[in-house]
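Given next are the chains, with one letter for each unit.
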Amino acid sequence: MSNPLPRHYGLFIDNEFVEPAGDDLLDVDNPATGEVWARVPDASAEDVDRAVRSARRAFSEGDWPGYRAADRAKLLIRIGEAVAEHAEELADLQVRENGKLHREMYGQAKLMPEYFNYYAGLAQQPLGHTNPLHLSDMINYTVREPLGVVAAITPWNSPLLLLAWKLGPALAAGCTVVAKPSEVTPVSTLRFAEIAAGCGLPPGVLNVVTGLGQPSGAALTGHPDVDKIAFTGSTATGQAIASVAGRTLKRVSLELGGKSPNIVFEDADLDSAVNGLVAGIFGASGQTCMAGSRILVQDGVYDRVVDELARRAEAIVVGDPTDAASQMGTIASRAQLEKVLHYIQVAKDDGARLAAGGEPATVPGLPNGLFVRPTVFADVTNDMKIAREEVFGPIASVLRFDSEDDAVRIANDTEFGLAAGVWTQNVQRAHRVSGRLRAGTVWINNYRKSGYSTPFGGYKQSGIGRENGPDALREYTEEKSVWVDTGQGVKDPFNPRA
Ligand code: NAD
């Protein structure tokens, strides 16, 4: 049977699919088969302007500004319910876009309602204060008001979950949104928006523009009527966005890259630790910002851990992401596969010892699939490129350390600071080391956990701001201070204290 023709999608503006101003289209292919199965617009500045104007209109006119917090909360809950009903479909779309395991994408789709429920709860929490004053006959209170129009720019690795991290607090706060998904994974976001619109979102509250970083992403971040940019992606793009945002002082939250240390002490439960190392770097084919890509192992257990990690890497079942037996799917795009293979060569050239993998993987029946074998490099030193630069693929670099101080020094010797793991059965050491690590998340005797109720974000060049957790809404609000005279009014214009 021949493949059906690629489906053509439009932009999603004012709750409907619309044709772009120009003719530029982008192919969406399935990285497991190579098949082009959808085409989406490469939005121009004109298209982006149309979407931003729609979001601005919805922010200041129509029904949305009149929505009370309770109304926004109900809407978020309805969106969560609709996502749960469409979890299978949304998982399938994401797998066809990025080649990650169906199991993982389905798990994320099932989890998304929990995020929307959490933000529905936060929407109804008090955000303001009554502030004690140095003056009498005065009341001062603060309110937090929605920031305005938010540009939500997302990467390809977890397209919808990372959108939910932005959309949930943005809608809870009363903002409107223009989402720009990665060019690798645009369809799932378009379909999600269509589903959300069906839940009763007023037109313009959520618009989606598809396209490349240039022109579409840049047109959005440079647009004068965007108030905030909520971005997840690479550090290089984050830096570019921060400098553009600086020109008009847009608010930014940036969730960027990592080179996270996963540190194994001699006193660790080694079986559990090795499971955590495997999960940390081979889960999601290593295509996760929190990947434990620098594995630091103490002298006394170094050889044992390297051997076991290499054995486990060789045993991983790389295969069709839709097959429940597969443990690792594809790399998301050809460009990303080339990047991964490039770093394998760089690591070899720099003198790292290849202990497992190190080449593309062949999967029967999927000759065009973008598969790579889980790879372990041992005897890596922290000055090598493979220890310093983010690969975003299933490449583990194993480094040796002798003492606790040595481990902390190596772990912190990086421009990133997203996450870290500590494996030890010594409770004092666990907390001591955690306190010394410069990272936004530390996992003690576990790895790669995140949740709606706890903040996630980076130190150093891993980002600015936090997503999730009790303060998430603050990132989507402005604070206003209101002074009220409860006395006799202004008596002396030149003495404000009188
Ligand atoms: P990327 O930076 O290439 O692209 C991310 C998004 O930005 C895409 O939608 C892209 O089209 C857009 N973009 C690119 N250039 C732009 C520009 N000049 N202006 C505006 N938008 C632009 O990242 P990617 O390859 O899609 O994703 C992988 C990266 O994302 C990795 O570095 C990873 O660590 C990071 N990431 C971080 C987190 C986190 O929470 N910290 C989570 C997932 C992924």
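Coordinates for the structure precede this section.
Owing to the predicted nature of the structure, the values given are computational and were not obtained by experimental measurement.

What counts, and at which threshold
Residues numbered from 1 in each chain as written. Predicted model: local features only at pLDDT ≥ 70, side-chain atom pairs only at ≥ 80, totals over all residues. Heavy atoms only, no water. Helix = DSSP H or I, 4+ residues; strand = E, 2+ residues; numbered from the N terminus. Rg over C-alpha atoms; globule rule 2.2 N^0.38 Å. Buried < 20%, exposed > 50% of the residue type's maximum accessible area, 1.4 Å probe, protein only. Contact = heavy atoms within 4.5 Å. Phe/Tyr/Trp six-rings, centres within 6.5 Å; stacked < 30°, edge-to-face > 60°. Lys NZ or Arg CZ within 6 Å of the ring centre and 35° of its normal. Near = heavy atom within 4 Å. Polar contact = N/O pair within 3.5 Å; in protein donor to acceptor, adjacent residues only side chain to side chain. Areas by Shrake-Rupley, 256 points an atom, 1.4 Å probe, with all protein chains shown as cover. 1 Å grid on protein atoms, 1.4 Å probe; cavity = no way out; pocket = protein on both sides within 12 Å on 5 of 7 lines; lining within 4 Å. Sits in = over half its atoms within 2 Å of the grid points.

A look at the overall build of the protein chain
Reasoning step 1: Check the secondary structure of the protein chain and you find 14 helices and 21 strands.
Reasoning step 2: Taken over the C-alpha trace, the protein chain has a radius of gyration of 24 Å; the compact-globule value for 498 residues is 23 Å, and the two agree within 12%.
Reasoning step 3: In terms of its C-alpha atoms, the protein chain occupies a principal-axis envelope of roughly 80 × 60 × 40 Å.
Reasoning step 4: When the 498 residues of the protein chain are sorted by exposure, 56% land in the buried category.
Reasoning step 5: Considering only intrachain contacts with a sequence separation of at least 6, the fraction spanning at least 24 residues in the protein chain is 74%.

A few points about the packing of aromatic side chains
Reasoning step 1: With the rule as written, the count across this model stands at twelve aromatic pairs.
Reasoning step 2: Ring plane angle 25° and centroid distance 6.2 Å describe the contact between Tyr115 and Trp165, whose orientation is recorded as stacked. Taken as a pair, Tyr115 in helix 4 (residues 102-123) and Trp165 in helix 5 (residues 159-173) lie far apart in primary sequence, 50 residues in all.
Reasoning step 3: Tyr115 sits in the buried class, given a relative accessible area of 0%.
Reasoning step 4: Here Trp165 falls in the buried class, since its relative accessible area comes to 4%.
Reasoning step 5: Taken together, a centroid distance of 5.3 Å and an interplanar angle of 75° make the contact between Phe265 and Phe401 edge-to-face. Of this pair, Phe265 sits in the loop between strand 13 (261-264) and helix 9 (270-282) while Phe401 sits in strand 17 (residues 395-401), and the two are 136 residues apart along the sequence.
Reasoning step 6: An aromatic cluster is built from Tyr115, Tyr118, Tyr119, Trp165, Tyr452 and Phe456, whose rings are joined through pairwise contacts.
Reasoning step 7: When the ring centre of Trp37 is taken as origin, the NZ or CZ atom of Arg96, which lies over that ring, is 4.3 Å away.

Considerations on the environment of Leu341
Reasoning step 1: Topologically, Leu341 is positioned in helix 11 (residues 334-349).
Reasoning step 2: A residue is classified by how much of its surface remains accessible, and Leu341, at 28% relative accessible area, is partly exposed.
Reasoning step 3: What Leu341 contacts, discounting residues up to four positions off in sequence, is Glu359, Pro360 and Val372.

Considerations on the site of the ligand
Reasoning step 1: The environment of the ligand is made up of 28 residues, and the closest members are Lys180, Glu183, Ser234, Leu256 and Glu390.
Reasoning step 2: Contact between the ligand and Glu183: an oxygen atom at 2.6 Å from a side-chain N or O atom of the residue.
Reasoning step 3: Take Gly213: an N or O atom from its main chain is 3.5 Å from an oxygen atom of the ligand.
Reasoning step 4: Relative to its unbound accessible surface of 840 Å², the ligand loses 89% to contact with the protein.
Reasoning step 5: Among the detected pockets, the ligand sits in the largest pocket.

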